Amino acid sequence: MNTLCDTSDLLVFSHLRWNQSLQRPHHIISRYAKHRRVFYIEEAQKSEIESAYLLTQQSHEGVTIISPYLPLVLSEASSNEVIKMLLDDFIQQEGVYQFVSLYYTPKAFSFTNHLKPSTVLFDYLDTTFSDSEQDLMDRAHIIFTCGSSLFETKRNGRVNLFQYPSSIDYDHFYQGRRSLGDPADQASIPYPRIGYYGDESHFNEALVMKMAQLRPEFQFILLMDEPRNQSCPEFANIHYLGKKDYYSLPAYFSGWDCGFIPLSISEETLLISLSQIPELLASATPVVSTSLPDAAHPYSDMGLIHL
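Residues numbered from 1 in each chain as written. Predicted model: local features only at pLDDT ≥ 70, side-chain atom pairs only at ≥ 80, totals over all residues. Heavy atoms only, no water.

## A look at the overall build of the protein
Phase 1: Across its full length, the protein holds nine helices and 14 strands.
Phase 2: Radius of gyration (C-alpha) of the protein: 21 Å, near the 19 Å computed for a compact globule of 307 residues.
Phase 3: C-alpha extents for the protein along the principal axes are approximately 60 × 45 × 35 Å.
Phase 4: When burial is assessed residue by residue, the protein has 49% of its 307 residues classed as buried.
Phase 5: Long-range pairs, those at least 24 residues apart, make up 62% of the contacts in the protein with a sequence separation of at least 6.
Phase 6: Surface summary for the protein: the accessible area is close to 15600 Å², and the carbon and sulfur share equals 50%.
Phase 7: Positive and negative side-chain charges of the protein, numbering 22 and 37 respectively, have mean locations separated by a distance of 4 Å. (Helix = DSSP H or I, 4+ residues; strand = E, 2+ residues; numbered from the N terminus. Rg over C-alpha atoms; globule rule 2.2 N^0.38 Å. Buried < 20%, exposed > 50% of the residue type's maximum accessible area, 1.4 Å probe, protein only. Contact = heavy atoms within 4.5 Å. Areas by Shrake-Rupley, 256 points an atom, 1.4 Å probe, with all protein chains shown as cover. Lys, Arg positive; Asp, Glu negative; His and termini not counted. Charge placed at Lys NZ, Arg CZ, Asp CG, Glu CD.)

What follows is the structure, encoded as structure tokens:
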């Protein structure tokens, strides 16, 4: 672990866009950037262009963000080869000789497995990964998991695997304990208000519609985009307000009577870590969740939320 304290550069490979969401990688990497050069390589985007290129920009935290852009016609194998060449050229131009590689997505390992970092770190966030997952786990010196259930599933005698729970910006979400004034799109919604924000991929819409039908006096506020399925019935007490900026979330929380986590129970969600729970608790918002392992342990066990 001494390599984390030296002056080596840090190469980060992530499936998350730096400027679109302040999640675990953003909180961790922005702190590393205070002490070393950090290069954050995002997942490639394809478009109707003739030649591939890397778009680089500097974040206000000092992180160099690298976004590969590829022609739409390239196959996956060709895409990997092109990204490999682009990154090799970039690394040489920037004089990146001593470095640590940190992966948030194993997909990137298919075009970076030739690199020679002093240390390979894998921060295992979820299970929606590629065939390169096992290769990366075998190569990694240290592996972190954010959830206890994911840790137990992947443990399998690995001495280099550690549970590293996601934390939150407590001071930021603590603001939700104060009356911040309702955001304009929430101000006209009656009480009581039950709110959700987060990823749509595991959102149990059928469950929420059933709840809305059973309790028409409850107002369900969803900080997410409305599903494209037009066959879904409309409910006057379900309010899709769209995705919100990270910095505006406490203002929404301060006007909620309860936060809820209506996620489906599946093989994937049984292994996810729920950062929404400590964020809502920091704002003193009561929480109700479907019975997911990382909601039960430790939050329900400690009497902090209801399942």
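## Details of the pattern of salt bridges
Phase 1: One pass over the structure, following the stated rule, counts ten salt bridges.
Phase 2: A salt bridge links Glu94 to Arg37; the shortest N-O distance between them is 3.8 Å. Residue Glu94 is found in helix H2 (residues 76–94), and its partner Arg37 is found in the loop between helix H1 (24–32) and strand E2 (38–41); the two are separated by 57 residues along the sequence.
Phase 3: The partly exposed category is assigned to Glu94, whose relative accessible area is 35%.
Phase 4: Among the ionic pairs, Glu217 bridges to Arg215, the shortest N-O distance being 2.6 Å.
Phase 5: For Arg215, a relative accessible area of 38% puts it in the partly exposed group. (Salt bridge = Lys/Arg side-chain N within 4 Å of Asp/Glu carboxyl O.)

## Notes on H2
Phase 1: Along its 19 residues, H2 runs 27 Å from first to last C-alpha, staying within 8% of the 27 Å computed at 1.5 Å per residue.
Phase 2: Of all the positions in H2, only Ser79, Asn80, Val82, Ile83, Leu86, Leu87, Phe90 and Ile91 are classed as buried. Buried residues of H2, seen end-on, are gathered within an arc of 165° and therefore sit on one face of the element. For H2, the exposed residues lying more than 90 degrees away from the buried face are Ala77, Met85 and Gln92.
Phase 3: Where H2 is buried, its residues touch strand E1 (9–13), E2, strand E3 (45–47), strand E4 (53–58) and strand E5 (64–71). (Expected span 1.5 Å × (residues − 1). Arc of directions from axis to C-beta.)

## Examining the pairing of strand E13 (residues 258–261)
Phase 1: Here E13 shows no split at all, with Cys258 and Phe260 on one side and Gly259 and Ile261 on the other all buried.
Phase 2: Alignment of strand E10 (residues 193–197) against E13, held across two bridges, turns out to be parallel. Looking at the pairing, Gly195 lines up with Gly259 of E13.
Phase 3: In terms of handedness, the path from E13 via helix H8 (residues 276–282) over to strand E14 (residues 287–289) forms a crossover that is right-handed. (Pairing = 2+ DSSP bridges. Right-handed = clockwise from strand over helix to strand, strands pointing away.)

## What to know about the packing of aromatic side chains
Phase 1: Scanning all chains against the criterion turns up 17 aromatic pairs.
Phase 2: Here Tyr246 and Tyr247 contribute two aromatic rings whose centre-to-centre distance is 5.4 Å and whose plane-to-plane angle is 90°, an arrangement assigned as edge-to-face.
Phase 3: On the basis of relative accessibility, which here comes to 10%, the residue Tyr246 falls in the buried class.
Phase 4: Classification of Tyr247 as exposed rests on a relative accessible area of 52%.
Phase 5: Here a set of aromatic residues connected by ring pairs shows up, and it is made of Phe173, Tyr197, Tyr246, Tyr247, Phe253 and Trp256.
Phase 6: Arg24 extends its terminal NZ or CZ atom over the ring of Tyr164, reaching a point 4.8 Å from the ring centre. (Phe/Tyr/Trp six-rings, centres within 6.5 Å; stacked < 30°, edge-to-face > 60°. Lys NZ or Arg CZ within 6 Å of the ring centre and 35° of its normal.)

## Notes on the side chain of Glu205
Phase 1: Within the secondary structure layout, Glu205 lies in helix H6 (residues 205–214).
Phase 2: For Glu205, a relative accessible area of 18% puts it in the buried group.
Phase 3: Of the polar contacts made by the side chain of Glu205, one reaches the side chain of Tyr240; its length is 3.3 Å. (Polar contact = N/O pair within 3.5 Å; in protein donor to acceptor, adjacent residues only side chain to side chain.)

## Points about the sheet that holds E13
Phase 1: With respect to topology, five strands assemble into an open sheet ordered E12-E11-E10-E13-E14, the strand pairing being parallel. A strand with exactly one partner marks an edge of an open sheet, and here the two such strands are strand E12 (238–240) and E14. Neighbour-to-neighbour, the strand axes of this sheet turn through a mean angle of 25°, independent of strand direction. (Axes fitted to C-alpha atoms, helices over the stretch in contact; angles between N-to-C directions.)

## Observations concerning the nonpolar core
Proteins that are soluble and globular tend to have nonpolar side chains buried together.
Phase 1: Grouped together as the largest cluster of nonpolar side chains are 37 residues, with contacts concentrated most on Leu223, Trp256, Leu274 and Ile277.
Phase 2: Counting only elements with at least two residues in this core, the list comes to E10, H6, strand E11 (219–223), helix H7 (249–253), E13, H8 and helix H9 (293–300).
Phase 3: Counting residues per element, this core draws most heavily on E11, which supplies four residues.
Phase 4: Dropping the residues within four chain positions of it, Ile277 is found in contact with Ile261, Val287, Ala295, Tyr299 and Ile305.
Phase 5: The next biggest cluster of nonpolar side chains, apart from the first, holds 30 residues, and it includes Leu11, Phe13, Ile91 and Ala108. (Core = buried A, V, L, I, M, F, W, Y, C linked by side-chain atoms within 4.5 Å.)

## Examining the confidence of the model for the protein
Phase 1: Counting all residues, the mean pLDDT for the protein is 90, and 94% of those residues have values of 70 or more.
Phase 2: Ranking the elements of the protein by mean pLDDT puts helix H4 (residues 148–155) last with 79 and E2 first with 98. (pLDDT = per-residue confidence, 0-100.)

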